[in-house]
Every structure is written in structure tokens, then in C-alpha cells.
Amino acid sequence: MAKTLLSFLLCIYLTFALCVIYTDARKRVTKIGRDAVTPGRSNFTYICDPARYAKLGLDVKSFPFCDKKLSYQVRARDLVSQMTLYEKVRQLGNRAYGAPRIGLPEYEWWSEALHGLSNVGPGTFFDDSVAHATSFPTPILTTASFNESLWNTIGKAVSTEARALYNLGHAGLTFWSPTINVARDPRWGRIIETPGEDPFVVGTYAANYVRGLQDVEGTEHYKDLNSRPLKVSACCKHFTAYDVDNWKGVERYSFDAKVTEQDLAETFNRPFQMCIENGLDLDCGVYYTDNVENAVKHGKVREALVDRSLQYLYVVLMRLGIFDGHSQYNSLGINDVCSNEHIELAAEAAREGIVLLKNDNGILPLATGKYPSLAVVGPHANASIAMIGNYAFDPWNKGTPCRYITPLNGFSSYGRVNYAAGCSNVKCPDGSLIGPAVQVATTSDATIIVAGIDLSIEAESRDRLDLLLPGKQTDLINQVANASTGPVVLVIMSAGGVDISFAKNNPKIHAILWSGYPGEEGGQAIADIIFGKYNPGGRLPVTWYQADYVDKLPLTSMQLRPDDSNGYPGRTYKFFDGPTVFPFGYGLSYTKFNYTLKAATNRQPIKLTKFQHCRDLPYKNGTFKPSCPAIAIDDLRCHKKFKLAVEVKNVGNRDGDEVVLVYSQPPVGIVGTHIKNLIAFQKVFVAAGTSKTIQFAISTCQGLGIVDSNGNALLPSGAHTIIVGDGAIVFPIQLTYR
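Every value quoted in this text rests on a predicted model; they were computed, and no experiment measured them.

Caption draft 1: Up close: the sheet that holds strand 22 (residues 630-632). On the basis of which strands lie adjacent, the open sheet formed by four strands has the order 21-22-28-27 and antiparallel pairing. Edge positions in the sheet fall to strand 21 (614-615) and strand 27 (706-707), since each has one partner strand and no second. Bridge count for strand 22 against strand 28 (residues 713-716) is three bridges, and the pairing is antiparallel. If you follow Ile631 over to strand 28, its bridge partner there is Leu715.

Caption draft 2: A look at the environment of Ala446. Tracing the backbone through its elements, the reader meets Ala446 in strand 14 (residues 446-452). Assessed through its relative accessible area of 1%, Ala446 is described here as buried. Separated by 71 residues in the primary sequence, Ala446 and Ala375 place their C-alpha atoms 6.2 Å from one another. Discounting residues that sit within four places of it in the chain, Ala446 has contacts with Leu366, Tyr371, Ser373, Leu374, Ala375 and Pro487.

Caption draft 3: How the structure looks around empty space enclosed by the protein. As enumerated under the stated definition, the model contains seven cavities of 30 Å³ or more in all. As a volume, the second largest cavity reaches approximately 60 Å³. Ala183, Arg184, Asp185, Pro186, Ile191, Glu197, Gly496, Gly497, Val542, Thr543 and Tyr545 are the residues that line the second largest cavity. Taken together, the residues of the lining of the second largest cavity break down into five nonpolar, three polar and three charged.

Caption draft 4: Structural view of the state of the cysteines. Applying the stated criterion across every chain, the model contains six disulfides. Bridging Cys614 to Cys628, the disulfide has an S-S length of 2.1 Å. Judged by the sign of its S-S torsion, about -110°, the bond between Cys614 and Cys628 is left-handed. On the criterion of sequence distance, the pair formed by Cys614 in strand 21 and Cys628 in the loop between strand 21 and strand 22 is long-range, its members being 14 residues apart. The partly exposed category is assigned to Cys614, whose relative accessible area is 43%. We classify Cys628 as buried; its relative accessible area is 10%.

Caption draft 5: Representation of the packing of helix 3 (residues 72-81) against helix 11 (residues 303-319) within the structure. For the pair helix 3 and helix 11, the least separation of the axes is 8 Å and the interaxial angle reads 125°. The angle between helix 3 and helix 11 places the two elements in the oblique class. As helix 3 packs across helix 11, the resulting crossing turns out to be right-handed. Here helix 3 contributes Tyr72, Gln73, Arg75, Ala76, Arg77, Leu79 and Val80 to the contact with helix 11, which in turn contributes Asp307, Leu310, Gln311, Tyr314, Val315, Met318 and Arg319. Within the contact of helix 3 with helix 11, the residues separate by chemical class into eight nonpolar, two polar and four charged.

Caption draft 6: Geometry of the layout of surface pockets. Taken as a whole, the largest pocket encloses approximately 570 Å³ of empty space. Every residue lining the largest pocket is counted, 22 residues in all, and those nearest its centre are Ala265, Arg270, Ile633, Val707 and Ala713. Elements that contribute at least two residues to the lining of the largest pocket include exactly helix 8 (261-268), helix 9 (270-275), helix 19 (700-704) and strand 27. Here the lining of the largest pocket is built from residues that sort into nine nonpolar, eight polar and five charged.

Caption draft 7: Spotlight on the pairing of strand 16 (residues 511-514). Burial along strand 16 is two-sided: Ala511 and Leu513 facing one way and Ile512 and Trp514 facing the other are all buried. Strand direction decides the pairing type here: strand 10 (residues 355-359) and strand 16, joined by four bridges, are antiparallel. Bridge pairing in strand 16 links Leu356 to Leu513. Sheet topology note: the strand 15 (residues 488-493)/strand 16 ladder contains four bridges and is parallel. Across the sheet, Val491 pairs through a bridge with Leu513, a residue of strand 16.

Caption draft 8: Inspection of the sheet that holds strand 16 at higher detail. Strand order in the open sheet formed by six strands is 10-16-15-14-11-13, with mixed pairing between adjacent strands. At either end of the open sheet lies a strand with only one pairing partner, and these are strand 10 and strand 13 (416-420). Across the sheet, the axes of successive neighbouring strands diverge by a mean angle of 20°, strand direction being ignored. Lying over the sheet, helix 17 (residues 522-530) contacts strand 14, strand 15 and strand 16, oriented at roughly 145° with respect to strand 15.

Caption draft 9: Region of interest: the nonpolar core. Residues Phe65, Leu104, Leu117, Tyr314, Phe323 and Leu678 are the most contacted members of the largest nonpolar core, which totals 98 residues. Those residues in contact with Phe65 that lie beyond four places of it in its chain are Cys48, Tyr53, Arg75, Asp78, Leu79, Gln82, Ile102, Met318 and Phe323. With 77 residues, the next largest nonpolar core counts Val376, Cys428, Ala441 and Ala525 among its residues.

Caption draft 10: Main features of helix 12 (residues 340-353). Look at helix 12: 20 Å from first C-alpha to last across 14 residues, which is about the 20 Å you get at 1.5 Å a residue. For helix 12, the buried fraction is high: ten of the 14 residues fall into the buried class. Along helix 12, the residues classified as buried are His342, Ile343, Leu345, Ala346, Ala347, Ala349, Ala350, Arg351, Glu352 and Gly353. As for helix 12, its buried residues are in contact with helix 5 (139-143), helix 6 (148-167), strand 10, strand 16, helix 17 and strand 25 (677-686).

Caption draft 11: Examining the environment of Ala680 more closely. Counting through the fold element by element, Ala680 comes out in strand 25. Relative accessible area serves as the criterion here: at 10%, Ala680 is assigned to the buried category. Taking the C-alpha atoms as reference points, Ala680 and Val201, 479 residues apart in sequence, are found 8.8 Å from one another. In this structure Ala680 touches Phe200, Val660, Leu661, Val662, Phe696 and Ile698, once residues within four positions along its chain are discounted.

Caption draft 12: Examining the packing of aromatic side chains more closely. As enumerated under the stated definition, the model contains 26 aromatic pairs in all. Arranged with centres 6.4 Å apart and planes meeting at 55°, the rings of Tyr287 and Tyr288 form a pair that is tilted. Residue classification places Tyr287 among the partly exposed residues on the basis of a relative accessible area of 38%. Ring-pair connections join several aromatic residues into one group, and the members of that group are Phe146, Trp151, Phe200, Tyr205, Tyr209, Tyr573, Phe584, Tyr663 and Phe681. Note that Arg90 overlies the ring of Tyr97, its terminal NZ or CZ placed 4.0 Å from the centroid. If you follow Lys504 out to its NZ or CZ, it ends over the ring of Phe582, 4.9 Å from the centre.

Criteria and thresholds
All chains use their own residue numbering, which begins from 1 and follows the written sequence. Two thresholds apply to this predicted model, a pLDDT of at least 70 for residue-level local features and 80 or more for giving and counting side-chain atom pairs, whereas whole-chain, interface and lining totals are computed over all residues. The basis for the side-chain values is all heavy atoms of the structure; hydrogens and waters are excluded. Here, any two strands with at least 2 DSSP bridges between them count as paired. Here a strand is any run of E in DSSP of at least two residues, a helix any run of H or I of at least four, and the numbering for each starts at the N terminus. A 1.4 Å probe rolled over the protein chains alone gives each residue an accessible area, and that area as a share of the maximum for its type sets the label: buried under 20%, exposed over 50%, partly exposed in between. Contacts are residue-level and defined by heavy atoms, with any inter-residue pair within 4.5 Å sufficient. The method works on a 1 Å grid over the protein atoms by themselves. A cavity is a set of points holding a 1.4 Å probe that cannot get out, a pocket is an open set with protein on both sides within 12 Å along at least five of seven lines, and residues with an atom within 4 Å of a point line them. Grid points are joined across faces, edges and corners, and a volume is the space filled by probe spheres set on the points. Three classes are used, and their members are as follows: Ala, Val, Leu, Ile, Met, Phe, Trp, Tyr, Cys and Pro are nonpolar, Asp, Glu, Lys and Arg are charged, and the others, Gly among them, are polar. Any pair of cysteine sulfurs within 2.5 Å is marked as a disulfide. Structural elements are reduced to axes, namely lines fitted to C-alpha atoms, with helices fitted over the stretch in contact, and the angle between N-to-C directions of any two is expressed from 0 to 180 degrees. Roughly parallel refers to an angle under 35 degrees, roughly antiparallel to one over 145, roughly perpendicular to one between 65 and 115, and oblique to any angle outside these ranges. Left-handed describes a crossing whose near helix is turned anticlockwise from the far helix through less than a right angle; right-handed describes the clockwise counterpart. For this analysis, a nonpolar core means a set of buried residues of the types Ala, Val, Leu, Ile, Met, Phe, Trp, Tyr and Cys, connected via side-chain atoms within 4.5 Å. In this scheme, a helix's expected span is set at 1.5 Å multiplied by one less than its residue total. Ring pairs shown here join Phe, Tyr and Trp side chains whose ring centres sit within 6.5 Å, with only the six-membered ring taken for Trp; geometry is labelled stacked below 30 degrees between planes, edge-to-face above 60, and tilted in between. For a Lys NZ or an Arg CZ to count as sitting over a ring, it must be within 6 Å of the ring centre and within 35 degrees of the ring normal.

Laid out in C-alpha cells, this is it:
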């Protein structure tokens, strides 16, 4: 059992604690009691308050774990050593029962903060006194901004609201977010929670969001990470290589995911490595609390393993100030929740993430005042709850976002809105409501169709079976477009890609936007982009495949590379070279950018020592194979970097944001490697008629390395290729060993 416990999953409290996530274990536990570690529910603000111990009839000086002069590790070790085995195992679930005998109160570990505070998880709750929190766009859309500073800033805002709710007695300080599983297949229901299909992007998003959640200003560079204070504690989840929920009767609880060492090292594990790997210390549920005591008594788990896990957990709580207080945040309260600053940040995140997919003849942006009447139709035209996705505010618990700005609300600020849903819901089971939608389109100056899917189609425990719009939505869109006499704009809400080739190829549909699930301010963000208040700059974080892609391979085939023996195509932009509706990284702007390579490294000579030995690589017949094909990255110091400088010039007449994507390709002829690999990105604002030069310095090992079939990280010699954007800049780097 000990081995099972240690290998359950990689879900890291980045500060040491680790937890298993059973996301179906949502049954609320009894509310934390009178003596819980939550200000507002008791008369103390931290565990080691002498007055609190006195009230309990205990002397705080008798407990070394309350001695601030000692290190957190020493204090945590003392705390655990004072517990009986029974008391220890009762701290191993998400509900830690405490140990009243030594003054240790209960604590609820489980709160969620995937894209704002949530009423999912018993550690955070809402009521009439604290009814709302800011709901930012879901991670898949925020990722589409490719803006690292935005990701970090959202984390800071969420942790500020978390601290405020903690002070108000409505939340703990440990949050099981973010989700950093890679979106391997477009059918997976939880793509909505992820930062997309590229492991480097996923890991970069996670690192920025987590630092935003956790960092205490002024303490970011502590040398001893075990003593660095925390604002809140984050948790990167779930199982590595977890991305099947419920597909054709195959459920996540029993699915045996067979994953190659190559895919583990190259794709599935990389985001977790970027988040820091440790061990498994906590169970989301009651499995540990119910079973570990007997497991220890029967010799299946060593008590020392339990002790180590608890010590990690209590170091986290000490760093959070739960034992000693954290005066820096004492002033935070209800006025710091749903502040104007946070609401605007939610709108900005949606605007930055929304992707322009089509814009025939520059029809967008629509000129304000030119189209006084607007037909706003479709099953998402008046969306509210659908915009916030999951792990936000479930309707069966109290709590809502600060407010909802629906698409109808947003467009109402730009013209007179004529509304018709066209469908009773996103499943659009029949065409009975299409007629009224067609009618309003014929009498309006411009038409906006807001369609797509929602949590009834893609969600936790609900994988998709196809990539099409459900029911009669396609009929609705085509009929409305054909009837409209003015510009027609289609807006798609979804997480995974949807095959909308019919709309892409329909000349009556002049423009298409993807808005993901854009959060509480989503309707305003969509309207602001369509009417030009904001120039879109988002890029797709996942590939949008054609519908027949899912007929070619099952969701349960875990391999990312093509499987020639079964005729399966590859997955993600790195391994799929077939036709797509829209590729990874795609996105248009209302302006035009040109790239110029200003400087670049073209050669990377590496001198080997006698302890560094060449590794073989398979090459295709007829291609050149160097005498020293590769060196193991573990055998290299990896201090070398290659540089490039890219001038981005805005040659259009509108200011805009541009996402510069840098890819590498390995030397030609190596068998079984990626088509290309994203190695750097940067978002830059460039005013119309001006230019900016972006500098990149990329680790040679990380930027040019590959993973072989055995999972070994290698640095191949030969002519590597660097690609900027869609091929606007292409240049070689010759890597040689001597």
C-alpha cells in the first residue's frame, strides 16, 4: 500500500504539500467548528495565540511547535511527534480533524481557485454576508492571451480575495488549483480547465499563476524556500497523463492509461516538473483517514511516511501564517472582493484571450453608430452561467460572481438589440425557434450569432463524442446568415475545438470569433472587440481538428505520435500534420504585423569532456547522420543559450498586440521526433506605424533538445531550424560537438 500511496498522482502543493484529487468527492463535510482556524468563526486569529491556549486550559509555552524562534521544520516535527497514530491519520484527508488534546484545531484543506474563488469545495463558502467573488475567464481562454504578466496578475487578484474571505471566516488558505494536465485530445471534457495542448505553455501558465497566488510581496527571493511566507498555497493537479473522464463507458476511475516513457518525459510530466515535483501527502476524501491507521498497524505503511507527509503539510500552514498570524493581510476584507480593479481585470483577461478566426474584407471592427439595430441571436446570446464554466459557482451552493455582463448586455451599449435565442439550449434539439431568429436578422442592420457548447457537452465526467455543433445549431447559423442583409459575425463559446468549416467557408458569415468561456465580463469583452474598442490579439492554445479526426482514433489511445500499426494519426500540433480547421497558435488582428530578424545565433559549438559520451539516434535512410548524433542532456551543464532579436512592425492603421511564437525543428532525418516545438513566446503591444524589437535568449538544451523512445532527454547535433510565427522568419542553428 505504501507504494500505492506514493504513486497515486502528481498534484503538488508547490510549497511541499501534495494532495490526491478525487473530484467527485463533493459531499460537504460538517462546517468547521467553533475552534477552527478561521478568523470570524472564533475569538482568535492564529493557532499559537497565547490567549486562545489559555482559554483551552493549556499553556502555549508547553508546546515547542508554537515557539517562533524555531524553524518551521523543527516546529512541524515537534507537532507531529506529539500526536498519536490515531490523531495523525485523522489529519490526512481534506478535512483535518485536529487534535484538541494539544490545541490543534480542525482545518479544511479543500478550496478551489481555478479562475477565481469558487463555491466548489467545503473550504470556501458564501452566504448573505459574503455573496460574491470575481469570476475570471476559464484557463483555456486566459491562456489564449499568451500574456505571462496577465496570468500572474490574475493569480494576485484571486489570492487577495482569498485572504479577504479568510479574514471574514469564509475560506481557508489552501487551494487545489491550477489544473496543468495537457489537452491531448479535443474530446476530453476538462479542456476548459487546462492551459491547452502545449506542455511548455501549460507549465509557463502554471508557474505564473502559482507565483501570483503564492508570492508575498518583498519575499519572492528567499534563499530558504521552506521559510518563505506564502499568501495562499497552490496545488498543481491532477494525475499525470490524466485526460479521459467518461468516454463511451470508459471512466477515469478504472481506465488503465498505457503511456510510453517518451510521452511521459516529453509531454505529460513536463508541466509538473515546471511546477516542482515532490511527494504525496494528502488525500482529497476520506480514504487515508479511514484506512491508513490499519495499514500502519499491519506493516503496509511505515509510520515515518505518515510523519513526513504531515510535517510537509504543517510547514505549509506555518508559512501561511495560520500558526503565527500574517499581519500584512489583516486589513483585507469585503471591500477587496469584487473590487472595480478586479472586475476590470476580468474584462481585460477576456478581451486579451478572445481569438479572431475570420475577418473577410476587414468587415470588423463594426463602426459604432453605423449599425443602429443589432440582431443578437443564438443559444449563448444571453449567456450568463455558461460564461463562467466549471469550478466557479455551482448553482446548488450559495454564491455568484460579482455580476454577469451577458452578450445582450454588452451589445446593448452599442445599439438597439433585437434578441432571439434560436434554440431552447445549446443542444438545440429541434428547429422550432429558428424562425424568430431569422426574422430579427432580416430587420436588423448587423447580426451577431453567439453559439457553441457548454458544460452539458464538455465537462468533468463528460467527454465529447464528436467535434460538431450540437443539434440544429448549424441550421440556425446558416439560415440566419442567409437571411441577414448586413454583416454577420459568428461567436463560438467552447473550450475544445469545434469543426465550423461550414461557417469558415460561408461567404455570408463575414467574421468569426472564439471566446472560450469568457467569465463574468464576457459579454462586454465580446462586444468591445466586435466594435473595435479592443483589437483582438489572442491565439488558439489548442488545435481545431476537422470532424473526421475523431473517427480515426479512440480517445483511449494515449500515444501522441502517429501509430502506424493501427493507422492512428498524431496528436497536437507537434505530431499531427493533417488538415485542420484552425491550427494551434492561430489568430488574426485588425492590423498587420511584419517581422524582421535583426540578430541571431547561427552556431552552437559544444566542447565535450572525456566523461561525456555520444548517444545514437535512429535516422531515416538516405539522410545525413553525424558521427556524434547526440549527448544526454543530463551529462551536459546546459549553461549555453542561443539568442535572436525580432523586430515587430505594425504596418496597419490600428494599435495592436502581437504574440510572437518561436518554434524549433530538429535536424532533418531523425526518426520519431516532433514536427516542431514551441520554445518561446512573448506578447508585445505595438502602436500603428511603429516597431518594437523583442529579444529572446533560449536555453540550448531546452530549446533544441528532444526525447528519445526510451524517455531519455538528448541534445542532437546537426542543423536545427528556428521558425518565428507561421514561417515569417526561418533560420538554421548548427550544433556541433568537438
